[in-house]
Amino acid sequence: MSSSSDTRYSLEDLGTDPVPTFPCVDPGYFLEEKEKIFKRVWLNIGHETDLPNPGDFLVKSAPTLGIEVLLTRLEGGELRAFYNICTHRNNKVIRSPKSGNARTFSCGFHGWVFNSQGELIQVPDEDEFVDFKKCSFGLRSLSIDTWENFVFVHPEEAPEVSLQDWLGEVLVDVSGGPLKALRPTAKFHAIVEVNWKVFSDAFCEAYHVGTLHKRSVAGSFISRENPFCHHGGTRIYENHSILSVLGGNPDHQPTNAEKLVGEFGGGSYGKGLSGAFDRLPPGLNRSRHDSWNFDIVNIFPNFAVHIGADFAYTYNFWPISATKTVWDVAIYQEPARNLSEEVAQNYMRVLLRDTLREDVNTTEASQLNMNSGVVGAMPLSKQEIVLRHRYKVVERWLR
Amino acid sequence: MTSRAVLPKEFSDLTDLVEEWALETPQALNSKRLNSTIEQLDSLYSRLDQRMVSIMCYLQKFSVSEETSDADDSLYRLARAFMEIAPAVELFRDPDIPDGFPSEKFKIVL
């Protein structure tokens, strides 16, 4: 079966040699990634539904940066992002609860009070501070913007590149799809002993589906026509990438749970989709494959959103050392119209969760072996072009 | 729990499952699955499987946001239990994920 490729980078640009693994084990390489990439790009930190109402606030961790971000929603609906650091003696302004609805935030150390716009509005015993102006000591802010309900922050107050420009063609290709109609229905979290790139690699190709997922989803994904789960097309951007994953084995005998999902509206995950592409933007299932399942949209460096016709799920990979990564997963589905649809949707959450545990177990094993340095490089197939691309992009940023 | 150990009368034959399996959260359901044997899951599966279409038709009457009676709520939770154990019974033939990342390190947050 043929698979189309629409790439800004051809295989020639990306090379065909085995990819060295030292960038996945070297502590010095990681420190450079942190300084030269993570501190200089837009990073996904949450979703609009995390703080839907005026006055809502939320403290989210950005582990790679070693900081917590305080997100607030103002009366007019706009979002703001601040470092959760009191400008007095650097205590955390908010400890717990990490979310809620409040107009002001009081630091638990000396009682300095900030409002949801980050302004310092009250300092106990203020007269004892000499030459002191409250207006100079507001919370330090980060830039914030949203795309398809995903909330991004940039560590710099005035980044050179807007979120729109950073997403670039991805924004053109993927916006207007199903994402805005979906709401979070499940979330998972793990701290995994693995380099962030090795971790993310596990979710950037479908070559592994027939082997690693032989017990779980291989039966529904892999067909006689496409025995190695070849992708349905890739699009490689300057920093980001998209890979179409095909599914929908016509010979698959659905399990009883899958029959219920089909009958009672549990969504299209794993089933493939024939037709009904009208509402998809051009960049999703770009080749308009009949057996399309979802697209893997990798937003450099550490955010991935897998988008199907009526579902999505996201991964945030937050490296905290060369060989340790904090991982957050969220599943998004359409609002269930009734309780049986809610039950049917539950199957995808359970199946994906179980399948992820198959995926993650390989990553820690690979990492241990990479640490030994015995093999030293990975030969990657054309099906793994997205992995090859990211190693190149990282290298470019570190130059 | 006892006050909730009722089901709509057409499903009263499943009442004995309520206390153990009509659990409230995905964490509790997953933990119950992982701490069961495959024989226990097979037995639960065969009891629920033959009733799932009727259960789902019954639950179709309710919107997600409306208040439901304890009996209807228990039925809904039992249906979710079916979805929780279905991969274990139908696919893995094991309550846990063979060669899977350890469940104690994989946190279900929502």
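The structure displayed is predicted, hence computed values, not measured ones. (Residues numbered from 1 in each chain as written. Chains lettered and ligands numbered in written order. Predicted model: local features only at pLDDT ≥ 70, side-chain atom pairs only at ≥ 80, totals over all residues.)

With that settled, consider the domain arrangement of chain A. Residues and elements named next belong to chain A. When its domains are assigned, chain A resolves into domain 1 (5-38 + 178-398) and domain 2 (43-160). Just the C-alpha atoms count here: the centres of domain 1 and domain 2 sit 33 Å apart. The partner domain 2 presents 10 residues to the 14 residues of domain 1 that form the contact. The set of elements that each furnish at least two residues to the side of domain 1 that touches domain 2 consists of helix H2 (27-38), strand S13 (183-192) and strand S18 (311-321). Residue classes in the side of domain 1 that touches domain 2 are distributed as 9 nonpolar, 2 polar and 3 charged. (Domains from an automatic or database assignment. Contact = placed C-beta atoms within 7 Å. Helix = DSSP H or I, 4+ residues; strand = E, 2+ residues; numbered from the N terminus. Nonpolar A, V, L, I, M, F, W, Y, C, P; charged D, E, K, R; others polar.)

This part covers the sheet that holds strand S4 (residues 56-62) of chain A. All names here are of chain A. Spatially, S3-S12-S11-S6-S5-S4-S7 is the arrangement adopted by the 7 strands of the open sheet, whose pairing is antiparallel. Unpaired on one side and paired on the other, strand S3 (43-47) and strand S7 (99-101) mark the two borders of the sheet. Across the sheet, the mean angle from the axis of one strand to that of its neighbour is 30°, orientation sign disregarded. With 6 bridges joining them, S4 and strand S5 (residues 67-73) adopt antiparallel strand pairing. In the strand pairing of S5, Phe57 is matched with Thr72. (Pairing = 2+ DSSP bridges. Axes fitted to C-alpha atoms, helices over the stretch in contact; angles between N-to-C directions.)

Within helix H2 (residues 26-34) of chain B, the full set of buried residues consists of B:Pro26, B:Leu29, B:Asn30 and B:Arg33. Buried residues of H2(B), viewed axially, fall in a sector of 95°; they line one side. Looking at the buried side of H2(B), the elements it contacts are S13 of chain A together with helix H3 (38-49), helix H5 (70-92) and strand S1 (107-108) of chain B. (Buried ≥ 20, exposed ≤ 12 C-beta atoms within 10 Å, placed from the backbone. Arc of directions from axis to C-beta.)

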